[in-house]
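One letter stands for each residue in the lines below.
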Amino acid sequence: MTGSLDTAAKAKLLRTLLDGGLPDANGRFGPFGGRYIPETLVPAFERLTEAVHTVLHEPSFQAELSAELTDWVGRPTALSPMRNLSRRWGAEIWFKREDLAHTGAHKINNALGQALLAKRMGATRVIAETGAGQHGVATAAACARVGLPCVVYMGEVDMARQAPNVGRMRLMGATVVPVVTGDRTLRAAIDEAFRDWVTDPAGTFYCLGSALGPHPYPYLVRELQAIIGREARAQMLAKTGHLPDCVIACVGGGSNAIGTFHAFLGDPSVEIIGVEAGGRGAALGDNAATLTTGRPGVLHGTYTLLLQDADGQIQETHSVSAGLDYPGVGPEHALLREIGRVHYTMAGDEEALALVQECSTYEGVLPAIETAHALVGARDYARAHPGKRILVGLSGRGDKDMPTLQTTLLAHDGVLS
Ligand SMILES: *Cc1c(COP(=O)(O)O)cnc(C)c1O
């Protein structure tokens, strides 16, 4: 499918997207997306889709969400000029500071929105999957805030690797269920959450953590994260009188990136770049660069680009950042790549770690290792385009990464050149 659209078809898809016409009624972003689910889950997805269409844009829901985003999450997050990195890289660097949002990353925008939607739908409990634990923590916090019980599925491998986040979830009242099936990481945790949902589709709300999965999740998550780009665009205009020349964010499942990009898709002068995890190299299994190296297929209920072998077997992925370590990607990104509106590149483990150090040392901002992939993209763009104005989606803070940083950057003398 990928590569099969002609120029006219691509232009038409971009216009439809800008007019708000995507996803279509079948949940498709052009050839990508859709809904591939077992019969037993169809009623639950129908109910959720109905709620998304009726409740999400209702003024009373938007007012409640907006008040909570201000009073509890701490929005709007700052737009910071990064003067030292600007000087070092020879361009004008701005950060949209999702690291300053409650729980330390953009994930809370989505978790809070879905928890409020669950409440409106009359759900009696919320379930979620988590890999590194960041979405689990955000969901546990949002559920505590809105007063709903929360169950988080987490692979037992990840529970061992991310023990502090397991503790955070438990302190906020969530039940963390170890997943011992499959690869015992994020992929298996998503399967297990769907299995739970089948047993109580009416009373349970599944809070999914990225712009992934069957329709309507990619749409729902994008709508909840699009506030990042809306705020950043307005802040940029207010502070500089201009749009950025380039907008850059890191891409795991794609939620912070789609949220940062969306407000700029209709600005033809703005270049948009997504940066994936290049891991330790280009070979299958050594990275999580789905958009750069993947082929189309179905995973977790959506048709998108995937890291798979010639027989269609989904491959293990590798990245130093747990939050980018997923073999699929949101279907809207697959479309944006296909029609050429967004360019996707990759940054390797070593480069990302170097940028964690550079950003911390010169700006006093410790970024998440995920986020540092976007910084690699920003530095490379700056060097190739001197003087340009670059907006970076600073998706989260790196405090959670201290155990990894202790055994990498801090174990040697650092990798600054
Ligand atoms: C989870 C996470 C990501 C990756 O998820 P997306 O859905 O691609 O945004 C990126 N940055 C941070 C800080 C994260 O916690």
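Structure report, in brief. (Residues numbered from 1 in each chain as written. Predicted model: local features only at pLDDT ≥ 70, side-chain atom pairs only at ≥ 80, totals over all residues. Heavy atoms only, no water.)

## Section: the pairing of strand β14 (residues 389-394)
Here is the rule: Residue exposure (1.4 Å probe, protein chains only): buried if accessible area is under 20% of the type maximum, exposed if over 50%, otherwise partly exposed. Strands are runs of DSSP state E lasting at least 2 residues, helices are runs of H or I lasting at least 4, and numbering of each runs from the N terminus. The pairing criterion is simple: DSSP has to find at least two bridges between the two strands.
Of all six residues making up β14, six are buried, and the element is well covered by its neighbours. Because side chains alternate across β14, one face comprises the buried residues Arg-389, Leu-391 and Gly-393, and the other comprises Ile-390, Val-392 and Leu-394, equally buried. Two elements, strand β4 (residues 92-97) and β14, share six bridges in a ladder whose sense is parallel. Across the sheet, residue Arg-97 finds its bridge partner in β14, namely Leu-394. Bridge count between strand β9 (residues 246-250) and β14: three bridges; the pairing is parallel. Looking across to β14, one finds that Val-247 is bridged to Leu-391.

## Regarding the sheet that holds strand β8 (residues 204-207)
Sheets are built from strands that pair by backbone hydrogen bonding, the pairs being arranged parallel or antiparallel. In plain terms, the rule: A fitted line through C-alpha atoms represents every axis, and for helices the fit uses only the stretch in contact; the resulting angles, taken between N-to-C directions, go from 0 to 180 degrees.
Strand order in the open sheet made by the four strands is β7-β6-β5-β8, with parallel pairing throughout. Either end of the sheet is taken by a strand with one partner, and the two such strands are β7 (175-179) and β8. Neighbouring strand axes in the sheet, compared pairwise and without regard to direction, differ in orientation by 25 degrees on average. With five bridges connecting them, strand β5 (residues 125-130) and strand β6 (residues 150-155) associate as parallel partners. Bridged to Glu-129 within β6 is Tyr-153.

## Notes on the packing of aromatic side chains
For clarity, the threshold we go by: Working definition: rings of Phe, Tyr and Trp (its six-membered ring) pair if their centres are within 6.5 Å, and the pair is stacked with planes under 30 degrees apart, edge-to-face with planes over 60 apart, and tilted otherwise. Comment: the charge-over-ring label is applied if NZ (Lys) or CZ (Arg) is within 6 Å of the ring centre and within 35 degrees of the ring normal.
Counted by the stated rule, this structure contains eight aromatic pairs. Relative to Tyr-303, the ring of Phe-32 has its centre 5.9 Å away and its plane inclined at 20 degrees; by these criteria the two rings are stacked. Of this pair, Phe-32 sits in strand β2 (residues 32-33) while Tyr-303 sits in strand β12 (residues 302-306); the two residues are 271 residues apart in sequence, bridging distant segments of the chain. Three or more aromatic residues link up through ring pairs in this structure, and these residues are Phe-45, Phe-194, Trp-197, Tyr-206 and Tyr-217. A cation sits over an aromatic face here: Arg-88 above Tyr-362, 3.8 Å from the ring centre.

## Remarks on the site of the ligand
Here is the rule we go by: We call a residue near a molecule or strand when any one of its heavy atoms sits within 4 Å of it. Polar contacts, as counted here, are pairs of nitrogen or oxygen atoms within 3.5 Å of one another; within protein the pair requires one atom able to donate a hydrogen and one able to accept it, and residues that are adjacent in sequence qualify only if both atoms are side-chain atoms. Surface accessibility follows the Shrake-Rupley procedure with a 1.4 Å probe radius. Residue values consider only the protein chains on display as shielding. Domain segmentation is taken from an automatic or database assignment of domains.
Around the ligand, 18 residues are found, and the nearest of them are Lys-107, Ser-210, Gly-254, Ser-255 and Ser-395. Here an oxygen atom of the ligand sits 2.8 Å away from a polar atom, N or O, in the main chain of Gly-252. Take Ser-255: an N or O atom from its side chain is 2.7 Å from an oxygen atom of the ligand. When the ligand is considered free in solution it has 380 Å² of accessible area, and contact with the protein chains removes 97% of it. Elements with a minimum of two residues in the shell around the ligand: α12 (255-261) and α16 (369-384). Shared between two domains, the shell around the ligand holds at least three residues of each, these being domain 1 (27-69 + 107-222) and domain 2 (74-104 + 225-412).

## Here we look at the nonpolar core
Note the cut-off: Among buried residues, the Ala, Val, Leu, Ile, Met, Phe, Trp, Tyr and Cys ones that are joined through side-chain atoms within 4.5 Å form a nonpolar core. The contact criterion used throughout is that any non-hydrogen atoms of two residues lie within 4.5 Å.
Residues Leu-117, Met-169, Phe-194, Trp-197, Phe-205, Tyr-206 and Tyr-217 are the most contacted members of the largest nonpolar core, which totals 65 residues. Looking at which domains feed residues into this core, each of domain 1 (27-69 + 107-222) and domain 2 (74-104 + 225-412) supplies at least three. If near-sequence neighbours (up to four positions away) are discounted, Met-169 is found in contact with Thr-130, Gly-133, Gly-136, Val-137, Ala-140, Val-152, Met-154, Ala-174 and Val-176. Judged by nonpolar contacts, the second largest core, of 35 residues, contains Ala-91, Cys-359, Ile-390 and Leu-394.

## Let's talk about the sheet that holds strand β3 (residues 79-81)
Strand order in the open sheet formed by six strands is β3-β4-β14-β9-β10-β13, with mixed pairing between adjacent strands. Where the open sheet ends on each side, the last strands, each with one partner, are β3 and β13 (343-348). When the angles between neighbouring strand axes are averaged without regard to direction, this sheet yields 25 degrees. Against the sheet, helix α11 (residues 227-240) engages β3, β4 and β14, with an angle of about 140 degrees to β4.

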